[in-house]
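If you want the building blocks of each chain, they are given just below.
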Amino acid sequence: MTKAKWLNTGLVAGAALWMAGALPAMAQAPATGPMDADIMNDEATPGDVLTYGMGHKGQRFSPLDKIHAGNVKSLVPAFTASLGGEKQRGQESQPLVYDGTIYVTGSYSRVFAFDSRTGAEKWQYDARLPDGIMPCCDVVNRGAAIHGDKIIFGTLDAHLIALNRNTGRVIWNKTMADYSAGYSFTAAPMIINGKVIYGNSGGEFGVVGKVEARDVETGELIWSRPTIEGHMGSLKGADNGITGTTNASWQGDQWKNGGGATWLGGTYDPDTNLIYMGTGNPSPWNSHLRPGNNLYTASTLAIDPDTGVIKWHYQTTPHDGWDFDGVNEFIPFDHTVNGKVMKLGAKADRNGFFFVLDRTNGKFVSATPFVSKVTWASGYDKAGKPITIPANRPGAPNADGTKGTVVFAAPSFLGGKNWMPMAYSKQTSMFYVPSNEWGMDIWNEPIAYKKGAAYLGAGFTIKPLYDDHIGVLRAIDPATGKIAWEYKNKAPLWGGVLATGGNLVFTGTPEGYLKAFDAKTGTELWKFNTGSGVVGTPVTWEQDGEQYVAVMSGWGGAVPLWGGEVAKSVQNINQGGMLWVFKMPK
Ligand SMILES: [Ca+2]
Ligand SMILES: [Ca+2]
């Protein structure tokens, strides 16, 4: 097939005419594809990958077992495909696989379609980004959504774009927010019953977090739900109630630039018909400027996908002062206690605690540290409130404007776990959490909000806790919070995890390896060096009777940009931009 390469010219109609004349073969391609029911059923269909999370619950578990703990040592590359380009940077994407095509997003808001048997490129789409974009933490994108004839993804200048999945041609292109105010978009959208649902990025710039739903066919806005108390929601163009109660947990006008960005998107559970969205840090970082709990920042929100109404919330870090974004994925899972099935959800939070909640109502079940050192709180009480250690909060700036008391805090603001998604194995009933062991010196400074400028009021230096490792992949039993095994890695772990029915757990390392572990014991069984750091999330699927594993390779993300002393230790890792696909030899 002729390679088609599209730039975002804004001339959609013209491009369509050109398409019809120049490439008649493509015009015959089917307009159909996976629909709502297929997408909802994704986790039960191992022949494709239709959602970020390998199912809306985000469990990242495949029942496939042709590759298993006994034979994975023979796994070999099937093919690779390059994202090309003069600039690379972090490749944090999770591939989608459907009907002979692998769809991946790349750095700088690019999308690629590759043949899933050969790696041959079918098309590439490059968003034309303006000079003034403000991604805080590298020019990454974490994945796309697929629905019918469309591939849908978000851009660093805060657009949501639907492409024809057969041609890469733009079907619709909508502005989600004003990039010059610091808004951007890095998460994979999700599709729930004809709606594209997504969160926004920009929490370091005093934006207001939102969750929104658009019509997948037209891109028109259906509902919008701000995450910060005091802001008005909308439904079909009408007001739909204020989020929370204005000034109940914020003072003065601080809520107007209150943060709470929903920059990792969410999960969805058909049992409860609830979307679970995490919210980021309150703005600014300097907590002395915003007394109160600052709802709904650093929280998990359960939202009705039909109306955008918040059904329950649970705040993991009230009055955050350490940039402990609560955005991490909340993964629904069921657990049987005394013969009764409990509908639970789990989240490994940036603040160092592994949470289990009742996903029907947000009721607290447990919080257990999953990293070796947590300084800001000693634990959680039975009501789910943190038992904080006030002396370990960075001090207020001095009256003369000089920085306040410096404290050493762990985890660092990059978190006990950052964006990289964990997996839940239905085979072992364990969560596999990519975590990091680091702390930081942190202090507060004066700051005033200015549109489009960083809104922190804090300074920091990240430091490793141990000489021989920062990253730790941990198997956690959600019933007890106990760690069943751990694998220590020298560099910070920054890629997602995949669990399979072959008693395997896959994840990547900045040193360049994709690795496979025994899911029950943690024994490392296989590794392959991809040539650059792996910060993407692996997937697996079955095709032509064989099981495949794919992952993006390409070092980048927040660590080299923000990592302080840790950044120096990873500065020699080469960049890249490759899709790697593996299978067993015949
Ligand atoms: Ca599937
Ligand atoms: Ca943040």
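Here the structure is shown first, and the text comes after it.
(A) Broad picture of the overall build of the protein. Broken down by element type, the protein carries five helices and 41 strands. Looking at the protein as a whole, 63% of its 586 residues qualify as buried. Across the protein, contacts joining residues at least 24 apart in sequence account for 60% of those joining residues at least 6 apart. When the accessible surface of the protein is summed, it comes to about 19900 Å², and 52% of that surface belongs to carbon and sulfur atoms. Charged side chains in the protein number 51 positive and 52 negative. The centres of these two groups are separated by 1 Å.

(B) Structural detail: the coordination of the calcium ion (ligand 2). Protein-derived ligands of the calcium ion (ligand 2) are Glu204 (OE), Glu204 (OE), Asn281 (OD1), Asp323 (OD), Asp325 (OD) and Asp325 (OD), with the metal-ligand distances lying across 2.3 to 3.1 Å. What the six donor atoms of the calcium ion (ligand 2) show is an angle range of 44 to 161° at the metal, which sorts the shape as irregular. Read in sequence order, the donor residues for the calcium ion (ligand 2) give the motif E-x76-N-x41-D-x1-D. Residue glutamate 204 is located in the loop between β13 (195-199) and β14 (210-215), and its partner aspartate 325 is located in the loop between β21 (310-315) and β22 (331-337); the two are separated by 121 residues in the primary sequence. Note on accessibility: glutamate 204 and aspartate 325 belong to one class, buried.

(C) Fine view of the sheet that holds strand β39 (residues 539-543). If you trace the four strands from one edge of the open sheet to the other, you get β3-β41-β40-β39, paired in antiparallel fashion. Looking at strand neighbours, the two that pair on one side only are β3 (76-82) and β39, the edges of this open sheet. Across the sheet, the axes of successive neighbouring strands diverge by a mean angle of 25°, strand direction being ignored. Pairing geometry for β39 and strand β40 (residues 546-553), over five bridges, is antiparallel. Residue pairing for β40: threonine 540 is matched across the bridge by valine 549.

(D) Highlighting the nonpolar core. Grouped together as the largest cluster of nonpolar side chains are 71 residues, with contacts concentrated most on Phe354, Phe431 and Trp494. Considering each element in turn, this core owes the most residues, five residues, to strand β24 (residues 353-358). In this structure, Ala81, Phe114, Tyr548 and Phe582 belong to the second largest nonpolar core, which totals 48 residues.

(E) Local environment of the coordination of the calcium ion (ligand 1). Taken together, the protein ligands of the calcium ion (ligand 1) are Asp42 (O), Asp42 (OD), Thr45 (O), Thr45 (OG1), Asp48 (O) and Asp48 (OD), with distances of 2.1 to 2.5 Å. Coordination geometry of the calcium ion (ligand 1): the six donor atoms subtend angles of 71 to 174° at the metal centre, consistent with an arrangement described as irregular. Along the chain, the residues donating to the calcium ion (ligand 1) are arranged with the sequence spacing D-x2-T-x2-D. With relative accessibility at 3%, the residue aspartate 42 sits in the buried group.

(F) Expanded view of the environment of leucine 160. Examined against the element boundaries, leucine 160 turns out to sit in strand β10 (residues 159-164). The spacing of leucine 160 and alanine 177 is 17 residues in sequence and 9.7 Å in space, taken between C-alpha atoms. With near-sequence residues (within four places) excluded, leucine 160 lies in contact with Ile152, Phe153, Gly154, Trp172, Asn173, Lys174, Met176, Phe185, Pro189, Val196, Tyr198 and Arg214.

(G) Structural view of the state of the cysteines. For the structure on display, the rule yields one disulfide. Between cysteine 136 and cysteine 137 runs a disulfide, and the two sulfur atoms are separated by 2.1 Å. Linking cysteine 136 and cysteine 137, the disulfide has an S-S dihedral of approximately -100° and is accordingly described as left-handed. Residue class for cysteine 136 comes out partly exposed when judged on its relative accessible area of 27%. With relative accessibility at 22%, the residue cysteine 137 sits in the partly exposed group.

(H) Focus on the pattern of salt bridges. This model, assessed by the stated rule, comprises 25 salt bridges. Across the salt bridge formed by lysine 66 and glutamate 542, the nearest N and O atoms sit 3.3 Å from each other. Of the two residues, lysine 66 sits in the loop between β2 (61-62) and β3 while glutamate 542 sits in strand β39, which places them 476 residues apart along the sequence. Assessed through its relative accessible area of 29%, glutamate 542 is described here as partly exposed. Between glutamate 217 and lysine 150 there is a salt bridge, with its nearest N and O atoms 2.6 Å apart. Taken as a pair, glutamate 217 in the loop between β14 and β15 (221-226) and lysine 150 in strand β9 (residues 150-154) lie far apart in primary sequence, 67 residues in all.

(I) Broad picture of the packing of aromatic side chains. Scanning the model with the defined rule gives 38 aromatic pairs in all. These aromatic residues form a ring-pair network of at least three members: Tyr314, Trp322, Phe324, Phe353, Phe355, Phe364, Trp376 and Tyr380. The lysine or arginine in question, lysine 515, covers the ring of tyrosine 513, its NZ or CZ lying 5.5 Å from the ring centre. Geometry around tyrosine 513 places lysine 527 over its ring, the cationic atom sitting 4.6 Å from the centre.

(J) Structural detail: the sheet that holds strand β18 (residues 266-269). If you walk across this open sheet you meet the four strands as β18-β19-β20-β21, and the pairing is antiparallel. The open sheet has two edge strands with one neighbour each: β18 and β21. For this sheet, the mean inter-axis angle between neighbouring strands, taken without regard to orientation, is 20°. Pairing geometry for β18 and strand β19 (residues 274-278), over four bridges, is antiparallel.

Reading guide: rules and limits
Residues numbered from 1 in each chain as written. Chains lettered and ligands numbered in written order. Predicted model: local features only at pLDDT ≥ 70, side-chain atom pairs only at ≥ 80, totals over all residues. Heavy atoms only, no water. Helix = DSSP H or I, 4+ residues; strand = E, 2+ residues; numbered from the N terminus. Buried < 20%, exposed > 50% of the residue type's maximum accessible area, 1.4 Å probe, protein only. Contact = heavy atoms within 4.5 Å. Areas by Shrake-Rupley, 256 points an atom, 1.4 Å probe, with all protein chains shown as cover. Lys, Arg positive; Asp, Glu negative; His and termini not counted. Charge placed at Lys NZ, Arg CZ, Asp CG, Glu CD. Donors = N, O, S within 2.8 Å, 3.2 Å for Na, K, Ca; no water. Tetrahedral: all angles 85-135°; square planar, octahedral: opposite > 155°, others 65-115°. Pairing = 2+ DSSP bridges. Axes fitted to C-alpha atoms, helices over the stretch in contact; angles between N-to-C directions. Core = buried A, V, L, I, M, F, W, Y, C linked by side-chain atoms within 4.5 Å. Disulfide = S-S within 2.5 Å. Salt bridge = Lys/Arg side-chain N within 4 Å of Asp/Glu carboxyl O. Phe/Tyr/Trp six-rings, centres within 6.5 Å; stacked < 30°, edge-to-face > 60°. Lys NZ or Arg CZ within 6 Å of the ring centre and 35° of its normal.

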